[in-house]
Amino acid sequence: MKIQQQGEINMAAEMDGKMAAQLRESYMEMGAEDLLYLRAQGTLTETAEAVLEEVLKTKGVDPEQAETIEAGFRQEVQNKKAVEKGLASIASRLSAKVIDWIFIFLLIGMLGAGLQSLFPEYKDATSMILGLVLILYLLFKDGVGGQSIGKRLVKVKVVHATNGRACTLAQSFFRNLSTVLGLVDSIFALGKERRRLGDLIAGTRVIKTKSVG
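All of these numbers come straight from a predicted model, not from anything done at the bench.

**Q** What should I look at first to understand the layout of surface pockets in this one?
**A** In this approach a probe as big as a water molecule rolls over the atoms, and the regions it shows empty are the leftover space. Considering only enclosed or pocket space, the largest pocket measures out at about 440 Å³ in volume. Taken together, 18 residues make up the lining of the largest pocket; nearest its centre are Arg93, Leu94, Lys97, Ser186 and Arg196. For the lining of the largest pocket, the elements supplying multiple residues, two or more each, are helix H5 (90-118) and helix H8 (169-177). For the lining of the largest pocket, the element with the most residues is H5, which contributes seven residues. The residue inventory of the lining of the largest pocket, partitioned by class, reads eight nonpolar, three polar and seven charged.

**Q** Please clarify how the packing of aromatic side chains should be interpreted in this entry.
**A** Each pair of aromatic rings is reported with the distance of its centres and the angle of its planes. Under the criterion given, the structure shown has six aromatic pairs. Ring geometry for tyrosine 37 versus phenylalanine 73: centroids 5.3 Å apart, planes at 90 degrees, classification edge-to-face. Note that tyrosine 37 is positioned in helix H2 (residues 32-40) and phenylalanine 73 in helix H4 (residues 63-85), a separation of 36 residues in sequence. We classify phenylalanine 73 as buried; its relative accessible area is 15%. An aromatic cluster is present here, built from Phe140, Phe173 and Phe174 joined pairwise through their rings.

**Q** Looking at this structure, I do not really get the pattern of salt bridges. What am I missing?
**A** Under the counting rule described, the total for this entry stands at 14 salt bridges. A salt bridge links arginine 24 to glutamate 54; the shortest N-O distance between them is 2.9 Å. Residue arginine 24 is located in helix H1 (residues 2-28), and its partner glutamate 54 is located in helix H3 (residues 46-58); the two are separated by 30 residues in the primary sequence. Relative accessible area serves as the criterion here: at 37%, glutamate 54 is assigned to the partly exposed category. Taking the shortest distance from any N to any O, the salt bridge between aspartate 100 and lysine 141 comes out at 3.8 Å. Note that aspartate 100 is positioned in helix H5 and lysine 141 in the loop between helix H6 (123-140) and helix H7 (149-154), a separation of 41 residues in sequence. For the pair shown, aspartate 100 and lysine 141 are each scored as buried.

**Q** How do you make sense of the side chain of threonine 204 when you look at a structure like this?
**A** In this structure, threonine 204 sits in strand E2 (residues 204-208). Residue classification places threonine 204 among the buried positions, given a relative accessible area of 0%. Within the local environment of threonine 204, its side chain forms a polar contact with the side chain of arginine 175, the two groups lying 3.5 Å apart.

**Q** When you look at the environment of serine 172 in this model, what are you seeing that I'm missing?
**A** Among the secondary structure elements, serine 172 is positioned in helix H8. Along the chain, serine 172 and leucine 139 lie 33 residues apart, while their C-alpha atoms are 6.3 Å from each other. Not counting chain neighbours up to four residues away, the residues in contact with serine 172 comprise Leu139, Phe140, Lys141, Asp142, Gly143 and Cys167.

**Q** So what exactly am I meant to see when it comes to the nonpolar core here?
**A** For soluble globular proteins, nonpolar side chains are generally found buried alongside one another. Membership of the largest hydrophobic core comes to 14 residues, with the highest contact counts inside it found for Tyr27, Leu35, Val51 and Leu52. Listing elements by their share of this core, those giving two or more residues are H1, H2, H3 and H4. With five residues, H3 is the single largest residue contributor to this core. What leucine 52 contacts, discounting residues up to four positions off in sequence, is Tyr27, Leu35, Leu38, Arg39 and Leu44.

Each value, and the rule that gives it
Numbers given to residues run from 1 along each chain, matching the order in which its sequence is written. Confidence filtering applies because this is a predicted model: local features only for residues at pLDDT of at least 70, side-chain atom pairs given and counted only at 80 or more, and all residues used for totals across whole chains, interfaces and linings. The basis for every side-chain value is the complete set of non-hydrogen atoms in the structure, without hydrogens or water. Definitions used for this entry: grid spacing 1 Å over protein atoms alone; cavity, a set of points where a 1.4 Å probe fits but cannot get out; pocket, an open set with protein on both sides within 12 Å along at least 5 of 7 lines; lining residue, one with an atom within 4 Å of a point. Grid points are joined across faces, edges and corners, and a volume is the space filled by probe spheres set on the points. A helix here means a DSSP run of H or I that spans at least four residues, while a strand means a run of E at least two residues long, and both kinds are numbered starting from the N terminus. Residues are sorted three ways: Asp, Glu, Lys and Arg are charged, Ala, Val, Leu, Ile, Met, Phe, Trp, Tyr, Cys and Pro are nonpolar, and all the rest, Gly among them, are polar. Only Phe, Tyr and Trp rings take part, Trp by its six-membered ring, and two of them pair if their centres are within 6.5 Å. Stacked means planes under 30 degrees apart, edge-to-face means over 60, and tilted covers everything else. Burial classes: relative accessible area under 20% of the type maximum marks a residue as buried, over 50% as exposed, and values in between as partly exposed (1.4 Å probe, protein chains only). We define a salt bridge as a side-chain nitrogen of Lys or Arg found within 4 Å of a carboxyl oxygen belonging to Asp or Glu. Side-chain atoms alone can form a polar contact between residues adjacent in sequence; in general such a contact is a pair of N or O atoms within 3.5 Å, and within protein one must be able to donate a hydrogen while the other accepts it. Contact definition: two residues touch when any of their heavy atoms are within 4.5 Å. Residues belong to a common nonpolar core when they are buried Ala, Val, Leu, Ile, Met, Phe, Trp, Tyr or Cys residues joined through side-chain atoms within 4.5 Å.

See the structure below:
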């Protein structure tokens, strides 16, 4: 039994040695800042941590300077995690879109009925006005406080991707203009940051305004 246990220990040590060698080779090809950013994420194993420290020493990285740089990276990682935690879900964004479409169709229906009753002889002009209202709403709906009617109801908001300020009318125009691309635009929202193509163009992201319940 002892011989078997010793054999297992030796095998584990051999595997750790091979892994360490592979990590060392990989880390030697990376720059010092890349290594520090990797460690700042806090996902390394004990073996990887030890190898990385060894490589930093080999590269002659000053420990105090490394600590300062890594502290900045740790803050950056924490900020990213906080942002990701506060991102609006795909489901809530779809719900907001459905509500917006229901709202605009009800609005156009009532507006159309009113114009038709007041100006029955101007059907073409009425159609143009209704079409203009539809287009303007869909393009600029996120430009007032970063929230369309639907987004207010589901408690999500469009903000500037870097400074967190509410989406402007100009940003709303560019982020919603890309919806004409349909699936090509939407597929980008499946990424880690949940930013569709329009968000990338306008420099925006969609966040939760507060917890529900």
